[in-house]
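# Observations on the three-dimensional arrangement
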Amino acid sequence: MLSSPHPRAGPFPRGLAALSNGKDKERLTAVQRYVIGRVLLIVPTIIGVSLIVFVIMRMLPGDVAVAALGGGQGVSQEQIARYREQLGLDDPLPVQYAEWAGGLLRLDFGRSLLTGQSINEDITNRLPVTAELALGAILLSLVIALPTGILSAVYQDRPADYLIRLFSIAGLALPVFWIQTLVRNLLLPKYFDWIPPPGYARPWEDFLTNLEQMWLPVLILGYFQSAVISRLARSTMLDVLREDYIRTAWAKGLRGRAVIIRHAARNALLPVLTLAAVQLGVLLGGAAITESVFALPGIGRFVVDAINNRDYPVVQAIVMLVAAIYVLLNLAVDLLYGVIDPRVRLA
Amino acid sequence: MHEEDGYQTRRAISRRRALRGGALGVAGLAAFALACGNDDKKEQGAATTTGAATATGGQAGAATAAPSAEQPKYGGILNQRLPNDPDRMDAHQSTTYVTVWPFAAPIFNQLVQFDPDKPGDKFEDITADLATKWEQPDGQTVRFTLKPGVKFHDGGILTSEDVKAQLEWIITPPQGKVSPRRQALAAIDKIETPDATTVLIKLKRPNPSLLMNLASHYFGIGSAKDLKENGEIGPKLIGTGPFKLKAYERGNFIELAKNPEYHMQGRPYLDGMKFFMVRDYTSALTNLIGGQYHLFYESVFTPSDQERVKKESGGKFEAEAVPSTLRSPVFMNARRKPYDDVRVRQAISLAIDRDAAIKVVKEGFGRRGGYMQPGGAWAISEADLKKFDGYDKPDLTKAKQLLQAAGVTSLKAAMPTRTDFKPFAELIKDQLAKIGIDVTIDLSDTATAQPKLQNGDFDVSAWLIGLNVDDPDATFAEVSTSNAVRNWSAVKDPKIDELYDKQSVITDTAERKKAVQELEKLALERFQIVTAFFDDLPFARAKTVRNFKFHSSLYTSRRMESVWLAG
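Because the structure is a prediction, the values reported are computed rather than measured.

On to the interface of chain B and chain A. One widely used convention gives an interface's size as the accessible area the parts lose upon coming together. Every contact between the two is made by 53 residues of chain B and, on the other side, 53 residues of chain A. Both faces considered, chain B and chain A share a buried interface measuring about 4400 Å² in area, 46% of it formed by carbon and sulfur atoms. Connecting chain B to chain A are 4 salt bridges. A salt bridge links Glu249(B) to Arg202(A); the nearest nitrogen and oxygen atoms lie 3.4 Å apart. Put simply, chain B and chain A have 11 residue pairs in polar contact (both at pLDDT 80 or more) between them. The dominant element in the side of chain B that touches chain A, judged by the number of residues it contributes, is helix H14 (residues 446–454) of chain B, at 6 residues.

Moving on to the confidence of the model for chain B. The predicted structure's coordinates, where accompanied by low pLDDT, should not be read in detail. Residues and elements named next belong to chain B. When pLDDT is averaged along chain B, the result is 86, and 88% of the positions lie at 70 or above. In the predicted structure, residues 1–66 sits below a pLDDT of 50 and forms 157 contacts with residues beyond four places in sequence or in another chain. If you check the scores for this complex, the pTM reads 0.82 and the ipTM reads 0.80.

Moving on, we come to the domain arrangement of chain B. Residue and element names in this part refer to chain B. Segmentation of chain B into domains returns domain 1 (3–51 + 75–239 + 544–565) and domain 2 (325–536). Contacts between domain 1 and domain 2 engage 16 residues on the former and 17 residues on the latter. Taking both sides of the interface into account, the surface hidden between domain 1 and domain 2 amounts to around 1300 Å²; carbon and sulfur atoms contribute 55%. For domain 1, the biggest contributors to the area lost against domain 2 are Pro208, Ser209 and Met212; these three give 31% of the whole. On inspection of domain 1 and its partner domain 2, the count reaches 0 salt bridges.

All names here are of chain A. Taken domain by domain, chain A consists of domain 1 (40–108) and domain 2 (123–340). Just the C-alpha atoms count here: the centres of domain 1 and domain 2 sit 34 Å apart. Contacts between the two partners involve 18 residues from domain 1 and, on the opposite side, 12 residues from domain 2. Summing both sides of the interface, domain 1 and domain 2 together bury roughly 1400 Å²; the carbon and sulfur share of this comes to 77%. Counting the contacts that link domain 1 with domain 2 gives 0 salt bridges. Applying the counting rule to domain 1 against domain 2 returns 1 residue pair in polar contact (both at pLDDT 80 or more). Taken together, the elements giving at least two residues each to the side of domain 1 that touches domain 2 come down to helix H2 (25–59), helix H3 (64–68) and helix H5 (93–105). Here the element with the most residues in the side of domain 1 that touches domain 2 is H2; it accounts for 9 residues. For the side of domain 1 that touches domain 2, the residue count by class is 13 nonpolar, 3 polar and 2 charged.

Below, the discussion takes up the sheet that holds strand E4 (residues 131–138) of chain B. Hydrogen bonding along the main chain pairs the strands of a sheet, whether they run parallel or antiparallel. Residue and element names in this part refer to chain B. The strand order across the open sheet formed by 4 strands is E4-E5-E7-E6, and the pairing between neighbours is antiparallel. Single-partner strands in this sheet number two, and they are E4 and strand E6 (188–195). For this sheet the average axis-to-axis angle between neighbouring strands, irrespective of direction, equals 20°. Note: E4 against strand E5 (residues 141–146), 5 bridges, orientation antiparallel. Bridging from a neighbouring strand, Lys133 pairs with Thr145 of E5.

Residues and elements named next belong to chain A. For helix H6 (residues 119–154), which comprises 36 residues, the first-to-last C-alpha distance of 49 Å matches the rise-based estimate of 52 Å (1.5 Å per residue) to within 8%. By the largest-angle criterion, Arg126 marks the main kink of H6, which is about 30°, and a proline, Pro128, follows within four residues. For H6, the capping residue at the N-terminal end is Ser118, with a side-chain oxygen 3.3 Å from the backbone nitrogen of Asn120.

The element helix H7 (residues 281–289) of chain B is extensively covered by neighbouring structure, given that 8 of its 9 residues are classed as buried. Where H7(B) is concerned, the buried positions are Tyr281(B), Ser283(B), Ala284(B), Leu285(B), Thr286(B), Asn287(B), Leu288(B) and Ile289(B).

Rules used throughout
Residues numbered from 1 in each chain as written. Chains lettered and ligands numbered in written order. Predicted model: local features only at pLDDT ≥ 70, side-chain atom pairs only at ≥ 80, totals over all residues. Heavy atoms only, no water. Contact = heavy atoms within 4.5 Å. Buried area = accessible area lost by both parts, 1.4 Å probe. Salt bridge = Lys/Arg side-chain N within 4 Å of Asp/Glu carboxyl O. Polar contact = N/O pair within 3.5 Å; in protein donor to acceptor, adjacent residues only side chain to side chain. Helix = DSSP H or I, 4+ residues; strand = E, 2+ residues; numbered from the N terminus. pLDDT = per-residue confidence, 0-100. Domains from an automatic or database assignment. Nonpolar A, V, L, I, M, F, W, Y, C, P; charged D, E, K, R; others polar. Pairing = 2+ DSSP bridges. Axes fitted to C-alpha atoms, helices over the stretch in contact; angles between N-to-C directions. Expected span 1.5 Å × (residues − 1). Bend = angle between axes of the 7 residues up to and from the residue. Buried < 20%, exposed > 50% of the residue type's maximum accessible area, 1.4 Å probe, protein only.

If you want it as structure tokens, here you go:
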């Protein structure tokens, strides 16, 4: 007789409960070992990333001294050479790397070559803006994508499915930059006499203004993210719905909601969760276009400007930061797997 | 954070309100236009005209009186847009208007300034700022008398020692600092301060360009104390100007607040200014139409966009384009054959259709010119300009003949240039193709493209050059003399150097103009660069902005001490 892989298809917290269960002591140790191993893996990953980004930035053509001197307008080559020397760009690469890596160990990203400003301060100011945008967009995308993905799978090849697929495919096919520009700069001003207030107000300082400034970029970005997630949710749901244990659940006479939500959706969630985490990482790394169109002072615009200006320490700092965020997000997702799917934990 | 800027009242655009505002704006504009005609009254001081350097001027405070039909109104925040953050906070180390507008012009005063009412920024338009008068007891000494009792934002009193410290900083910046305009003060031998309000500048040679340079916002005077403590004026921005830095959030906005102790009584009228960093031009234009800015500038602000702003804002804005020192030349690398042959450079000039370039690249916002700003104080006449090959009409037949005479049958040319110069580069590529020159454009950012030109790693390049002021020394030392910082063509001519040195020390303006024009003609004959056109600077202004004129330079007339907002 076929049976569900879930011996006791209980609620999600069961996984957590197991972690503190005395009988699972041996498994707990394994989990701990797994977590420690993953955390330790962060070290070589970060060192590898630091070397790669350092070397790549030095391989790029261009001169930060020229950019820092406003494109060199009215500046002689001697002045540019002297400025390069002052910035330490003439030092041997290992010396430059060692200095930078030493700063990293102290969590000091150094100063922008272009502006002389503290990169830590810049990141502290800019990361919350990007985080608000990214988290808002991802949460919204999940709110849209999970129900639509599930419904689309449940009502496969029926009108609801077609409508949802059309909605998702539009999100995949249309360029986000185009939609953002169209909505922000044409549709809303022309038909609703509305544009977002200028600048960016931090939510804890002026919540309402922040809301006015952020709802549109979050909505548009959330919709585009939801398109990807919804498609994946639909396809994994379809796979799961064809599994034997789902057929068994139906045969047992379980109510539809129980089968769909508790048995099918729960299993279909894993890849969706992974994708959402990856998407979140991508957005935290900088939604540069969105930030540019909506004039949001986030990480994305910052890093694009830094790349254009060959502002090495800024680019390196942000790449390191994003790498760390990715690694931690992946770790968090892996740990969550154990919570969502006991099979992962048992394995 | 944003409560005080008043934008909430503008963030929702009401068509009805906009139209109503537009009607009122037209009425206001009429009053303003009427008033601008007779607003030359100065607030205080009398001119001292001594020596050639003070053809006019010497009046303390160039602020214009309020138009008689409309009393100046106190209050309000003037909003503007910047495309990005200033590259640094100390304008003495910067080379962009993005730094000058928020961090130099409103916060610091210079010794002298260009009269805000006279958009040409000519030598005779120089008027007083911190100096109440200046005189030249001999050809190599300039004496500035400072206005007494001028206060820095930290309460300190401005003295001649501050002026000396700042100018010496520019000439010899401390270790770790850059001073891109130190060359402008190269003629200064020493600076003396016989008393607290007198600055004596001793020159190595007569230097009539000195005042032109000192009048730009790039030469603001900081405090000696600040320079000593911080090594630059950047971090604290302690100036004597009408506005003080209130807040700066990188990538977001810069906020300036009124300096209540400003040395010009009753100024400024505005409570403050705010600059929003908006990179995306389309979004910035939408914001402008929505009334989020009072003043607007962008190099690609085309006539069609200007019309759109005027129309869609319901007439709340007026837009114009002002002749400027910005020019778009083609460099030809004379280190490489066949560009070392003047006939090849001449042929390139003959292939370029200036009118088409202005029409296609600038939508008409440009004008023909050689080296000095066309229509400015120094430039040769248009008739004289047209005598040089290519500056009248293109002549492809003659161009091909010249190439043939130079032994050039087919030519491939590498053109590295900046991505933002792409339209100009493509136009040059098309036009050179007509005489058999096959150009390959290599687009990249400034940090990549410019070193190629500096290192001579190019054949030809379509570029853009901006100068602070329309000054012969600044112009020819930028692109023409053997040691010019941007003589990227490497066409070096001792005769040009000789004429440059000659004009540079002539203190009589009329006589100097003759020498400058002789120099310009010689440079044009050598085809060191081929200037396709001079750009006009496109601006927009809300009709509520009073007592403000756009100048031919982005580095003058941005202090806003006498500007007010009506309505």
